[in-house]
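Okay, here's what each chain looks like letter by letter:
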Amino acid sequence: MRNVRLPMLTQAEIVPYLLNRGFINGEQVVDGDLEVLDASRRNCNFRVSSHLGPSYLVKQGVGPGGFATIAHEAAVYRYFRAKRVDRVLNTSLPTYHGYDKKYGLLILELISNAESMSEDHARSHRFPVSLAAQLGTVLAKLHSIDYRRDEGEQLQEEPSAPPWILSMHRPSLSALRELSGGNLEMIRILQSSMGLCQSLDELRSGWRINAFIHQDIKAENILVFPDPCRRGKPGVKIVDWECASYGDACWDAGSLFSDYLCFWLFSIPDAGTDSPQASMESARYPIEKIQPAMSTFWEAYVRTMQLDVAASQRWLIRAVRYAAARMLQTAFEHLQHATRMTGPVLRLLQVSANMLEQPREASIHVLGIRLPHPAK
């Protein structure tokens, strides 16, 4: 089968494209009101800013794989629109303006004056509980969607398979040929621990399909912006829905826990001549300053999901274990171009292993969340 060359729009072609399709008008062009910035990463992204009219984020996939993921993301936005999702969730998504199948172009609202949650935390050195509460509510609203009802636009796909990291201790021969020295060393460490392998196998076999999930929740995919409707508190928009599907709700919650914990762990200086305990106490982002955000997130999530005490216990344990697995994924990604294991990644592996082995203790001492006691 021959490779089909897919049409790609250049930066110079974006304005004529939007003009011809009525997204912008001639006055904006004549007045020089438009600014087009290339914000490409794995996909081809353009930020189209305007003072006289709407601003847009134009996303175009690179290659057949990229076209497929952008087409899927467009289908997710249509799915939300057909479902008439809750107002809180709806306002936490970028506005969907359209999808052009010929060019594989997804056109979304460009959020003005926004920065990622990771940029916000790094700049302010704060982890606001108000922001965490919003995220708990929004994720719960997402996971409360009745995805089984047959109405409107549906996603024509199978439920998601368990995340790949849950099988990384059992790599295929073809995968091994593509890995870096650091990745191979990490796999050897995982395989040397029977407990770690057993925990990952348990998580994989216990993967549930109980919600519509984002599946790639992390601080980079959460935009924070000034929201005049919130009386000085920032608003949030969750972006990059390319991986969204039907899966285990606790994976999304665990992924957010993981991101908070990575702020802490990657801010710890290498031990050098100091003891590991002394190094952890000198973290740029101490865990004690992050725990209130994690606790507030979980309280808002449980309240909005209307989980009873027994269910909230079960879900928290699963989320803690998934957080540990997501931290392993982060460690693996950090080693993709490394020839050997690094100190920060070893620290990540150790904390992950402890959380997988003792999730109840981790919920209290690491996340700062106490398991609720069932009423007698």
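Our structure is the block above this text.
Residue numbers here run from 1 along each chain, matching the order of that chain's written sequence. Thresholds applied to this predicted model are a pLDDT of at least 70 for local features of residues and 80 or more for the giving and counting of side-chain atom pairs; totals over whole chains, interfaces and linings are not thresholded and use all residues. Neither water nor hydrogens contribute to the side-chain values; these are computed over all heavy atoms in the structure.

**A short note on the nonpolar core**
To keep it simple, the criterion reads: Buried Ala, Val, Leu, Ile, Met, Phe, Trp, Tyr and Cys residues that are joined via side-chain atoms within 4.5 Å together make up what is termed a nonpolar core. Accessibility here uses a 1.4 Å probe with only protein chains present; expressed as a share of the type maximum, an area under 20% marks a residue as buried, one over 50% as exposed, and anything in between as partly exposed. Whether two residues are in contact is decided by their heavy atoms, any of which lying within 4.5 Å being enough.
One finds Phe80, Phe257, Tyr260, Trp298 and Met355 to be the most contacted residues of the largest nonpolar core, which totals 99 residues. For Phe80, the contacting residues outside a window of four places in its chain are Val85, Leu89, Leu93, Leu142, Ile145, Phe212 and Trp241. Of all hydrophobic cores here, the second largest spans 17 residues; its members include Phe23, Val36, Val48 and Ile107.

**Focus on the packing of helix α13 (residues 309–334) against helix α14 (residues 343–357)**
Cut-off, in case you're wondering: An axis is simply a line fitted to the C-alpha atoms; with a helix, the fit covers only the stretch in contact. Between two such axes, the angle follows the N-to-C directions and lies from 0 to 180 degrees. Every helix listed is a DSSP run of H or I at least four residues long, and every strand listed is a run of E at least two residues long, numbered separately from the N terminus. If an angle is under 35 degrees, it is roughly parallel; if it is over 145, roughly antiparallel; if it lies from 65 to 115, roughly perpendicular; otherwise it is oblique. Here a crossing is taken to be left-handed if its near helix is turned anticlockwise relative to the far helix by less than a right angle, and right-handed if that turn runs clockwise. Any residue that is not Ala, Val, Leu, Ile, Met, Phe, Trp, Tyr, Cys, Pro, Asp, Glu, Lys or Arg is counted as polar, Gly included; the first ten are nonpolar and the last four charged.
Between α13 and α14, the shortest axis-to-axis distance is 8 Å and the interhelical angle comes to 160°. What the angle tells us is that α13 and α14 run roughly antiparallel. As for the relative orientation of α13 and α14, their crossing is left-handed in sense. Contact residues: α13 offers Val320, Arg321, Ala323, Ala324, Met327, Leu328, Thr330, Ala331 and His334, while α14 offers Val345, Leu348, Leu349, Val351, Ser352, Met355 and Leu356. Split by residue class, the contact of α13 with α14 holds twelve nonpolar, three polar and one charged.

**What about the pairing of strand β2 (residues 44–49)?**
As a reminder of what qualifies: For two strands to be treated as a pair, DSSP must find no fewer than two bridges joining them.
Bridging between strand β1 (residues 35–38) and β2 involves four bridges; their strand directions are antiparallel. Opposite Glu35, over in β2, you have Ser49 as the bridge partner. Taken together, β1 and the strand that follows it, β2, pair antiparallel across an intervening segment of five residues. Two elements, β2 and strand β3 (residues 56–60), share five bridges in a ladder whose sense is antiparallel. Following the sheet pairing, Val48 is matched in β3 by Tyr56. Connecting β2 to the antiparallel partner β3 that follows it, the hairpin turn spans six residues.

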